[in-house]
Amino acid sequence: METFQSAPRAVRHDTRIVSMLAAAIALAVFLIDALTPLDIAIAVLYVVVVLLIASTGNRTATVATAWGCVILTLVGFILSHDENVSGGALARCAVSLLAIGTTAVLSLRIQATTMQRKRMEAELQRQRDALKRSEAFLLDAQRLSLTGSIATRLPAGTMWWSDEAYRIFDYPRDMTPSIDAILARSHPDDIAIVRGAHEAALSSVRDIDVEHRLLLPDGTVKHVHYVAHRASSENDGGEYVGALMDVTETKLAQEALARSTAELAHVTRVTMLGELAASIAHEVTQPMAAIVTSGGAALRWLNRAQPDIAEAQQSIAQMVRDAKRASEVIARIRAMARKRDSQPATLEVTEIVGETIELVRRELARHRVDVRADLATPSPTVRCDRVQLQQVLINLMMNAAQAMSAVNGPRVLRVATRESDSDPGYAQIVVQDSGTGISDENARRLFDAFFTTKAEGMGMGLSICRSIIEAHGGRIWAESPDEGGARLLFVLPENERRDDEQ
Ligand code: ADP
């Protein structure tokens, strides 16, 4: 603060001394010029006066001083000469005036240049300060967002990393950045991804966007997302400017979320199986009863006085068929109850829908629901986890049955599979009921977690359906048909098409 205030005061002080000195010299020159008969161009010394005033940097004062010196020169000349003015005296006066004028003009020019230089220096300083400030902001932003910058010059491969990039890679600041240094920190299983990105850059790809893991010397695994853009348009590789984001936290959160979603899907599946107990029991007891009947028949054919082996064989074959059916049902139920990771397989949609209708048929019958299936043949095939697809279908059908149990009219459940008109290359599955329907207000929240209008509802069914369908590259939505009730539709990418595309 003090230096700020004292500086202009010191400058003012200097200016005053210089002005006083200039005035003294001017007076001395004037007196000598006017009162002494010297035959020299003493008035030339006014140049010193002009230079002194010009040194203060004051333009107006310099101009005024120059004019003042011109006047003093002329007055001095008049006072020191009578009417017989010699040619030499006139020449000396002219030289003095010329010297004063030239000095004034040159001084003004120097002043103008100095001022311009000062202005430029001030502007440069302002820009330097702004740059420093934005660099500081950038560093802060990079540290907070865990994002580093990487610039790469190709084909030489010269690199520049920001502080945060060094921190992410866990290298000391004095290390020379290079692709080898990045490879040394890359997770062994992801080295191919990093090499691939580098080769893409070498072949002048415009944008690079990769996610991979780093394995640091202390064993820490980091997930990073690198996006880069080709900054220059030269054909010999050019420069890539990129951002390296440490997305470990996000990745771990996503994995935890996926795990919780899978757990929840499993729990709701098991709950659903509990709700379907009657249906399942029927599915299993029916073939069991048939086995008992066929077994009895086989025994009777064998216990005859003349055992009828052919008939007995037929009954036994029937028993084997029924036993297989029962074990298939049990295998399906076990698959649904088992906790396991998603296992996508190529599935015929129609087959899965048909199988699922059979699984819930008893439950639907209990609600006095009339099922009408309109299944496309040949069936569209999709790549999907079988159990998860069944879970979605059971959920939609059970919701439909519950919505219809509240109405008195006909209870019709229509299930259709077809090629989607709205989404070409997708298989569409429609589950439509004649139940209460969905109000506009509820339609917006239908797929939200914990949204339910049922006293015993958990509100997770449709939310899980949506995550399953979206995880398989599809989408699910609800419509309100003109004839009333609700229509739930979902689409999944068709398998053939995906194969064609590859
Ligand atoms: P829950 O069945 O536990 O309520 P869901 O996520 O399966 O959870 O369903 C959420 C809500 O969506 C239901 O409570 C119901 O209000 C509404 N809903 C779902 N399917 C239908 C349908 N077919 N008809 C009318 N409303 C439905």
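Residues numbered from 1 in each chain as written. Predicted model: local features only at pLDDT ≥ 70, side-chain atom pairs only at ≥ 80, totals over all residues. Heavy atoms only, no water.

With an unreviewed UniProt entry as reference, the protein is termed histidine kinase, source organism Caballeronia zhejiangensis. Annotation of the protein in UniProt includes, under Catalytic activity (unreviewed entry), the sentence "ATP + protein L-histidine = ADP + protein N-phospho-L-histidine." (UniProt positions renumbered as here; feature names shortened; annotations may be inferred.)

Draft legend 1. Summary view of the site of the ligand. The environment of the ligand is made up of 19 residues, and the closest members are Asp433, Thr452, Thr453, Lys454 and Leu462. One of the side-chain nitrogen or oxygen atoms of lysine 454 is found 2.7 Å away from an oxygen atom of the ligand. Within the contact set of the ligand, an oxygen atom lies 2.9 Å away from a backbone nitrogen or oxygen of glycine 459. Surface burial for the ligand is 92%, taken as the share of its 530 Å² of free accessible area covered by protein chains. Taken together, the elements giving at least two residues each to the shell around the ligand come down to helix 12 (386-404) and helix 14 (461-471). Looking at the shell around the ligand, the element that brings in the most residues is helix 12, giving three residues. Split by residue class, the shell around the ligand holds nine nonpolar, eight polar and two charged. (Near = heavy atom within 4 Å. Polar contact = N/O pair within 3.5 Å; in protein donor to acceptor, adjacent residues only side chain to side chain. Areas by Shrake-Rupley, 256 points an atom, 1.4 Å probe, with all protein chains shown as cover. Helix = DSSP H or I, 4+ residues; strand = E, 2+ residues; numbered from the N terminus. Nonpolar A, V, L, I, M, F, W, Y, C, P; charged D, E, K, R; others polar.)

Draft legend 2. The arrangement of the pattern of salt bridges in detail. Overall, the coordinates contain 17 salt bridges when judged by the stated rule. Notably, a salt bridge pairs lysine 251 with glutamate 211, separated by 3.0 Å at the nearest N-O pair. Within this pair, whereas lysine 251 is found in helix 8 (residues 248-275), its partner glutamate 211 is found in strand 3 (residues 207-215), the two being separated by 40 residues in sequence. With a shortest N-O distance of 3.1 Å, arginine 386 and glutamate 355 are connected by a salt bridge. Pair noted here: arginine 386 is in helix 12 and glutamate 355 is in helix 11 (residues 349-366), with a separation of 31 residues, a long-range link. Residue class for arginine 386 comes out partly exposed when judged on its relative accessible area of 30%. Look at glutamate 355 and you get buried, because its relative accessible area is 16%. (Salt bridge = Lys/Arg side-chain N within 4 Å of Asp/Glu carboxyl O. Buried < 20%, exposed > 50% of the residue type's maximum accessible area, 1.4 Å probe, protein only.)

Draft legend 3. How the structure looks around the layout of surface pockets. If you add up the space inside the largest pocket, you get close to 900 Å³. Taken together, 33 residues line the largest pocket, and the ones lying closest to its centre are Asn399, Gln402, Thr452, Lys454 and Leu462. Those elements that place two or more of their residues in the lining of the largest pocket are helix 8, helix 12 and helix 14. Per-element accounting of the lining of the largest pocket gives the leading share, seven residues, to helix 12. Tallied by class, the residues present in the lining of the largest pocket amount to 14 nonpolar, 15 polar and four charged. Here the second largest pocket defines a volume of roughly 430 Å³. As for the second largest pocket, its lining consists of 19 residues, and the residues nearest its centre are Ala258, Thr261, Ala262, Ser342 and Gln388. Looking at the lining of the second largest pocket, the elements that each hand over two or more residues are helix 8 and helix 14. Among the elements that make up the lining of the second largest pocket, the one with the highest residue count is helix 8 (eight residues). (1 Å grid on protein atoms, 1.4 Å probe; cavity = no way out; pocket = protein on both sides within 12 Å on 5 of 7 lines; lining within 4 Å. Points joined across faces, edges and corners; volume = space filled by probe spheres on them.)

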